[in-house]
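A closer look at the structure
Listed below, chain by chain, are the residues.
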Amino acid sequence: PEEAETEAGAAGGRWRCGRCADGAALRWCITGALCASFLGLGMSIAVLGPTFPNLAANVGKNVSDMYYIFVGRSLGFLGGSVVGGVLFDCMNATLLLALSMLGTTAGLYVIPWCKESLLLTTLMSVIGGSMGILDTGANVLTLNTWGSESGPHLQALHFSFAAGAFLAPILAKMALGGSESEELAGAEKTNQSVLKSVPTPSAASTTPAPKDHQDGDFLWSYIIIGTYILFTSIFFFALYSKRSSARDKSKATAQKGRLAKYHWPLVSLLFVFFLFYVGAEVTYGSYVFTYATVFAEMTEGEAAALNSVFWGAFAVCRGAAIFGAAFLSPATMIVISLVCSAASSSALAFLAHYRALLWTGTAVYGASMATVFPSGISWIEQYTVVEGKTASLFVVGGALGEMCIPAVVGYLQGRFHHFPVVTYAAFVTSIMTVLLFPMMYKLANVPQEKELKEVTDSETRKALLTNSRLTEDEEDEEDVREWNDADFEVVEMNDKLKSSLMDTSRRIPEGSPAEVSLQPHLDDVLADPPVLAGGSPGRQNGNVDWENSE
C-alpha cells in the first residue's frame, strides 16, 4: 500500500507539472498569435498610403477628392472599438478576434476590385471596424493571459504593429516596382522595334499595356496581406476552446473586487491622456516633412530622412522596450518617456533653428513616444480591472486624438502660414501629458474604504495594546514607590524608638523591676524588622550596637 501511495503521488505530481507546462505553452501561443495579428494590423493600415493613387484611379477620382475614405475608416475604427469592448465581456476573446480578422481579410481581398467610391468607403469602414475590435481585444487578451507580467508582452504587441507599418510600404513598393521595371523594359523594346521597322497596329496596341498592368498590379500587396491575416485568423480558431472561455470568465469574476476607489475618474483621465499622446505622435509624424521643407528650408531628400529618423527611432525604442519592461516598472517607463518628450518638444519648439537640435530632438521625440501606450495600459492594470469596455475607451481616446489633433493643427497652420504650429503643438501636448500623469497617480493610490477600515482597526488595536502596557508599567512603578516609602517610615520609626528607649533605660536604676519588664519589649522592637516587598530590610545591626554599648 505504501508503494501504491507513492506511485499515486508521483503520478499526481507529473500530471500537475504537465498541466502547468500545457498552460505556459498555451499562453505563449496566444501571445505569438496576438503579435502576428498586430503585424497584420500595421500592414493593413500602412498599405493605404503608397497605393492611394491606384485606388483613386480605380474609382475614377482625383487623389484630392478621396479624403472621405480616411474618414470612413476612422469612424469604423471608433465603432469597432466600442462594439468590441462590449462583446469582449460577453463572448470568447479568441473567437471574436478570429472573426474580426476574417472581416479584415474579406475587405482587403475586395478593395483592389472596387470601382465605386461609395463601395470603397463602405469597405474601408468595415475594415476599420475590424481593426478597432482587434486593437481593443488584443490588449485585453494580453492582460488576461499574463496579468501582472504583461508589461513585456504588451510592448512586443505594439512593436509588432510598428514592424507591420514599416513593412507595408516596402511590400507595396516591391509590387509596384516590378510593374515599373516591366514598363521600362517594354518601352525600350518598343523603341527598338520602331527604329527597325514601321510600327504595326499590334505593336502600337502593346505600348499602353504596361500602364494598365501597373494599375492592376498593386492588388498583389492587398492579396498578400489579406492571405497573411487569413492564416492568423485560422490559428485563432484553433486556439478557441471552451476551457479558455471558462478560465477567462472565472478570472474576470475573481478580479471584480479589485476596482480602484475612483475607477471611472481614473479611466477618464487616461482616456484624455491617450488622446493627447496619440494625437501628438500622429501629428508630428504627419507634418514633420512639411515643417522641414517650409520652415527648416531642407531639401525633399533631407526632409524625408528626418521623417524616417522619427519613425525609425519610434520602432527601435518599441523593440528595446520589450526587454526594458522586464526590469522597469510601467510607472518608471512612463516617467522616463514624459521627461524625454517634454525636453525634446521644448527643443523643437524653441531651438529648432539649430540644425543639430532639430535632428536630435526629432529622434528623441520619436523614441519617447514609443512606450507610452503599452506602458499606460500595464500601469493602470496594477490598480484596477481593465475589461473590454475599459480598454475600448483607451483605444477610442487614441483614435479621437489621431483624428482631431492633426485636423486642428492643419487648420491652424493654414491660417498662420509663417508660424510653425506643429512644433508648438508637440510642446503643448507634452505639457498636458506631464500634468495629467501625476493626477492619475494620485487617484490610483487612494486606498479603498475596506483598506482604510483595516488600517484604522489595526492602529486602534496597536494603540490599545500600547496604552495597556503603559498603564501596567505605571502601576508597577507606583507600587514600588509606595513600598519604598513604607520601608523608610519603618526605619525612621525604629531609630526614634531606639533613642527614646535608650534614654529611658539610662534613667531607670540597674536591677529594678522596671528594667526587667522593659527588656523584653526592647528586644522585640530592636529585633530584625521584616524585609518589605520592593524595599530593603531595616537596620539589622541596631540591636547589636545597642547591646555593645550596654
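Data block above holds the structure.
Residues numbered from 1 in each chain as written. Predicted model: local features only at pLDDT ≥ 70, side-chain atom pairs only at ≥ 80, totals over all residues. Heavy atoms only, no water.

**Quick word on the layout of surface pockets**
In plain terms, the rule: Using only the protein atoms, space was sampled on a 1 Å grid; points where a 1.4 Å probe fits but cannot get out form cavities, open sets with protein on both sides within 12 Å along at least five of seven lines form pockets, and lining residues are those with an atom within 4 Å of a point. Grid points are joined across faces, edges and corners, and a volume is the space filled by probe spheres set on the points. Numbering of helices and strands starts at the N terminus; helices are DSSP runs of H or I of at least 4 residues and strands are runs of E of at least 2. Residue polarity follows a fixed list, in which Ala, Val, Leu, Ile, Met, Phe, Trp, Tyr, Cys and Pro are nonpolar, Asp, Glu, Lys and Arg are charged, and the others, Gly among them, are polar. Domain start and end points were adopted from an automatic or database domain assignment.
Estimated volume of the largest pocket: approximately 1900 Å³. Lining the largest pocket are 43 residues, and of these Ile45, Arg73, Val282, Trp311 and Glu402 sit closest to its centre. Elements represented by at least two residues in the lining of the largest pocket include exactly helix H1 (2-46), helix H2 (48-58), helix H3 (68-87), helix H5 (117-146), helix H6 (151-196), helix H11 (263-294), helix H12 (300-324) and helix H16 (388-415). Here the lining of the largest pocket is composed, by residue class, of 28 nonpolar, ten polar and five charged. There are two domains that each give the lining of the largest pocket at least three residues, and those are domain 1 (21-177 + 216-243) and domain 2 (260-447).

**Structural notes on the environment of valine 282**
Defined as follows: Between buried and exposed lies partly exposed: a residue is buried under 20% and exposed over 50% of the maximum accessible area for its type, with that area taken using a 1.4 Å probe on protein chains only. Contact definition: two residues touch when any of their heavy atoms are within 4.5 Å.
Within the fold, valine 282 resides in helix H11. By relative accessible area, valine 282 is classed as buried at 17%. In this structure valine 282 touches Glu402 and Pro406, once residues within four positions along its chain are discounted.

**Quick notes on a nonpolar patch on the surface**
Stated precisely, the cut-off is as follows: Patch definition: residues with relative accessible area over 30% and no salt bridge; like charges joined within 9 Å; nonpolar side chains (Val, Leu, Ile, Met, Phe, Trp, Tyr) joined within 5 Å. Note on areas: these come from Shrake-Rupley sampling with a 1.4 Å probe, and a residue is covered only by the protein chains present in the view. The salt bridge definition used is simple: a Lys or Arg side-chain nitrogen within 4 Å of an Asp or Glu carboxyl oxygen.
Where nonpolar side chains cluster on the molecular surface, the patch consists of Val408, Tyr411, Leu412, Phe416 and Phe419 and spans about 480 Å² of accessible area. Structurally, leucine 412 can be placed in helix H16.

**A short note on the pattern of salt bridges**
Evaluated as defined, the whole model comprises one salt bridge. Between lysine 389 and aspartate 89 there is a salt bridge whose closest N-O contact spans 2.8 Å. Of the two residues, lysine 389 sits in helix H16 while aspartate 89 sits in the loop between H3 and helix H4 (93-110), which places them 300 residues apart along the sequence.

**Structural notes on the side chain of serine 150**
Mapped onto the elements, serine 150 comes out in the loop between H5 and H6. Leaving out residues up to four positions away in the same chain, serine 150 has contacts with Thr142, Leu143 and Ser378.

**Description of the nonpolar core**
Nonpolar side chains tend toward joint burial in soluble globular proteins. The following threshold applies: What we call a nonpolar core is a set of buried Ala, Val, Leu, Ile, Met, Phe, Trp, Tyr and Cys residues that are connected through their side-chain atoms within 4.5 Å.
By size, the foremost hydrophobic cluster in this structure holds 97 residues, and its most contacted members are Phe273, Leu358 and Trp379. Ranked by the residues each element gives to this core, the list is headed by H11, at 15 residues. Mapping this core onto the domain boundaries places at least three of its residues in each of domain 1 (21-177 + 216-243) and domain 2 (260-447). Residues contacting phenylalanine 273, with those up to four places away along its chain left out, are Leu338, Val372, Thr433, Leu436, Phe437 and Met440.

**What to know about the side chain of threonine 232**
Stated precisely, the cut-off is as follows: Pairing of N or O atoms within 3.5 Å defines a polar contact, subject to two protein rules: one partner must be a possible hydrogen donor and the other a possible acceptor, and residues neighboring in sequence count only if both atoms are side-chain atoms.
Tracing the backbone through its elements, the reader meets threonine 232 in helix H9 (residues 219-239). Here tyrosine 228 takes part through its backbone oxygen, which lies 3.0 Å from a polar atom of the side chain of threonine 232.

**Focus on H9**
Working note: α-helix, 3.6 residues per turn, so residues spaced by three or four point in the same direction. Condition: By this rule the span expected of a helix is its residue count minus one, scaled by 1.5 Å. Within this analysis, the arc is defined by the directions that extend from the helix axis to the C-beta atoms.
The first and last C-alpha atoms of H9 sit 31 Å apart over 21 residues, in line with the 30 Å expected at 1.5 Å per residue. Among the residues making up H9, those that are buried are Leu219, Ser221, Tyr222, Ile225, Gly226, Ile229, Thr232, Ser233, Phe236 and Leu239. Looking straight down H9, one finds that the buried residues subtend no more than 150 degrees of arc, so they occupy a single side. Of the residues in H9, the exposed ones pointing more than 90 degrees away from the buried face are Phe231 and Ala238.

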